[in-house]
Amino acid sequence: MAENAAAPEVRPLVPHLTLGATRDQDYLSGSKCTKCKAVYVGPRMFCGRCSGAGPFEAIRLSDTGEVYVWSIIHQATPYVKAPYAVAIVDLPEGVAVNTNIEGIEPDPKNLKFGMKVKMFTEKVSEDREGNSYIAYKFRPV
Amino acid sequence: MREVAIIGVSMIKFGRYPDRDFSQLAAQAGLEALKDAGAEMKQVEALYSGNLYATSGSGQRILQQMGQTGIPVVNVANACATGSTAFREAYFAIASGAYDVVMAVGSEQMGKQGLLGSRGDPATSLEGRVGSYMMPAVFGMAGMEHMRAYGTQQEHFALASVKNHFHSTQNPLAQYQKESPLDEVLSGRMIAYPNTLLMCCPTGDGAAAAVLCSMEKARQFTTQPIKIAASVLTSDPFSDRDLTLPDINTLTRNAAKIAYEQAGLGPKDLSQVELHDCFATAELLHYENLGLCGDGEAGKHVASGAPWVGNKIPTKYAEDVAPFVDKTYKPTTTAVVNASGGLLSKGHPLGATGVANIAEIVFHLRGQAGGRQVEGSKVGLAHVIGLCSACTIHIVTK
Ligand SMILES: [Zn+2]
């Protein structure tokens, strides 16, 4: 019995990314406190706003939003070539997500406060067991 | 609650000490603070040790160097506010009447790892994949938020770096004591827009200590006891966006409000401020958070000369600063900000920073700050913020 050879999995890099059967079915997930209506990115057990234990309603967050603020990071990392653009993107549900902005040259002149962006996902790495990790990013509409 | 006095302080020069252990750095600071207080180890009734990287037992290891008198030790970790939170615990120990003499010591040995690097398992760590979580990104975007709201320019933020590096030339305890004119700051290597390298604090090793005493007994030790007029700690309140963009503003505003009430003083009464300029963008935001100027006025405030030692732009920088001066802006406060050179030049050994900021103000209140002395300093405010998030404010007076 070849027990040690577990089939490699495709995993989301962050818990608030829900993976579909194909990459175009991936979406950002949130939760809404049914007591105080606070919306969170990702799953929650307790509510930081009303101190309640929910219950929380799972919601699907929009895949389009607006850049609230941005920066351009000039330090190379093992996975992202510097320079690269990052942003806080406001979603229509009233929450915001951290993200990298792709599809533009990372130059201040290409980034605007309030610019409309759309989410996409892609594989960004693989661990020693062969599991792959999917991250979400945004690009200008 | 009893009145609490600072009777002794010290700070070792921040920098790199690869051949020494953090406990040796801390013990040196502790023993110097005792000497400054005219006190001895056997008079210290409790130790409050702030250190982030040494994890548990930092204070006990410091006592192994400084004197194992068997006193109670409390070890504190609270992000960048670690040292100042240890100081605050020491304050409460005296204020409550539990002890008459205690010590707070903050120390850190960071080596070369620092705020700019990415840590954790590279296969699954968010850092380096979703770069907006990294500290330079957070403070870059915090500055961008101010640009978005008020039209602040990169140059305004850079002026805070010019000022603090200018101040540092008179501080022999600073890690770096080198001036950096505006063009040098702006043309430096970009780290995270709008902060260039000289707009980011260096990391390093260091320690600082303070001996606290009840005001009634303070005069047994010193003729110049410094009064702790306010000691405040806040955490970040709920906001819709703060899980993504840490809100460094609201908790500072909340802390400032409480601190001014506790002290019965306001921003106009401050002779000087040591605030948490981990990045140049942060310094300007905190002018507004601490009430040194109105909302949206931070860029005008730094260009007005008000927060510079002497309350004016040095002649040699007048030409560089001129394009950013708003002649219609009249500063309403005269607090000199970061006379020490700030974290940008002094360095930021995490656990040491909060105690060092308070020590710096004590030097000025006693008239011992040499070439960077804020003339006639009577009231100082020390502010520290750590992400995730903790903010301390101490107001100390003559
Ligand atoms: Zn709730």
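Scroll up for the structure.
Residues numbered from 1 in each chain as written. Chains lettered and ligands numbered in written order. Predicted model: local features only at pLDDT ≥ 70, side-chain atom pairs only at ≥ 80, totals over all residues. Heavy atoms only, no water.

Draft legend 1. Summary view of the side chain of His 301 of chain B. Residues and elements named next belong to chain B. Mapped onto the secondary structure, His 301 falls in helix H10 (residues 298-304). A relative accessible area of 0% places His 301 in the buried class. At 2.8 Å, the side chain of His 301 forms a polar contact with the side chain of Tyr 329. Among residues more than four places away in sequence, those in contact with His 301 are Tyr 287, Leu 292, Cys 293, Ala 306, Pro 307, Tyr 329, Pro 331 and Thr 333. (Helix = DSSP H or I, 4+ residues; strand = E, 2+ residues; numbered from the N terminus. Buried < 20%, exposed > 50% of the residue type's maximum accessible area, 1.4 Å probe, protein only. Polar contact = N/O pair within 3.5 Å; in protein donor to acceptor, adjacent residues only side chain to side chain. Contact = heavy atoms within 4.5 Å.)

Draft legend 2. Structural context of the coordination of the zinc ion. Residue and element names in this part refer to chain A. Within the protein, the zinc ion binds to Cys 33 (SG), Cys 36 (SG), Cys 47 (SG) and Cys 50 (SG); these donor distances fall in the range 2.3 Å. With 4 donor atoms in place around the zinc ion and angles of 103 to 114 degrees between them, the coordination shape is tetrahedral. In terms of primary sequence, the donors binding the zinc ion are separated according to C-x2-C-x10-C-x2-C. Of this pair, Cys 33 sits in strand S3 (residues 27-33) while Cys 50 sits in the loop between strand S4 (39-41) and strand S5 (56-60), and the two are 17 residues apart along the sequence. The buried category is assigned to Cys 33, whose relative accessible area is 0%. According to the relative accessible area criterion, Cys 50 is partly exposed, its value standing at 28%. (Donors = N, O, S within 2.8 Å, 3.2 Å for Na, K, Ca; no water. Tetrahedral: all angles 85-135°; square planar, octahedral: opposite > 155°, others 65-115°.)

Draft legend 3. Looking closely at the packing of aromatic side chains. All names here are of chain A. Scanning all chains against the criterion turns up 10 aromatic pairs over all chains. Geometry around Tyr 40 places Arg 44 over its ring, the cationic atom sitting 3.9 Å from the centre. For Arg 139, the ring lying beneath its charged end belongs to Phe 120, and the centroid distance is 3.9 Å. (Phe/Tyr/Trp six-rings, centres within 6.5 Å; stacked < 30°, edge-to-face > 60°. Lys NZ or Arg CZ within 6 Å of the ring centre and 35° of its normal.)

By themselves, these are just geometric observations and shouldn't be taken as functional.
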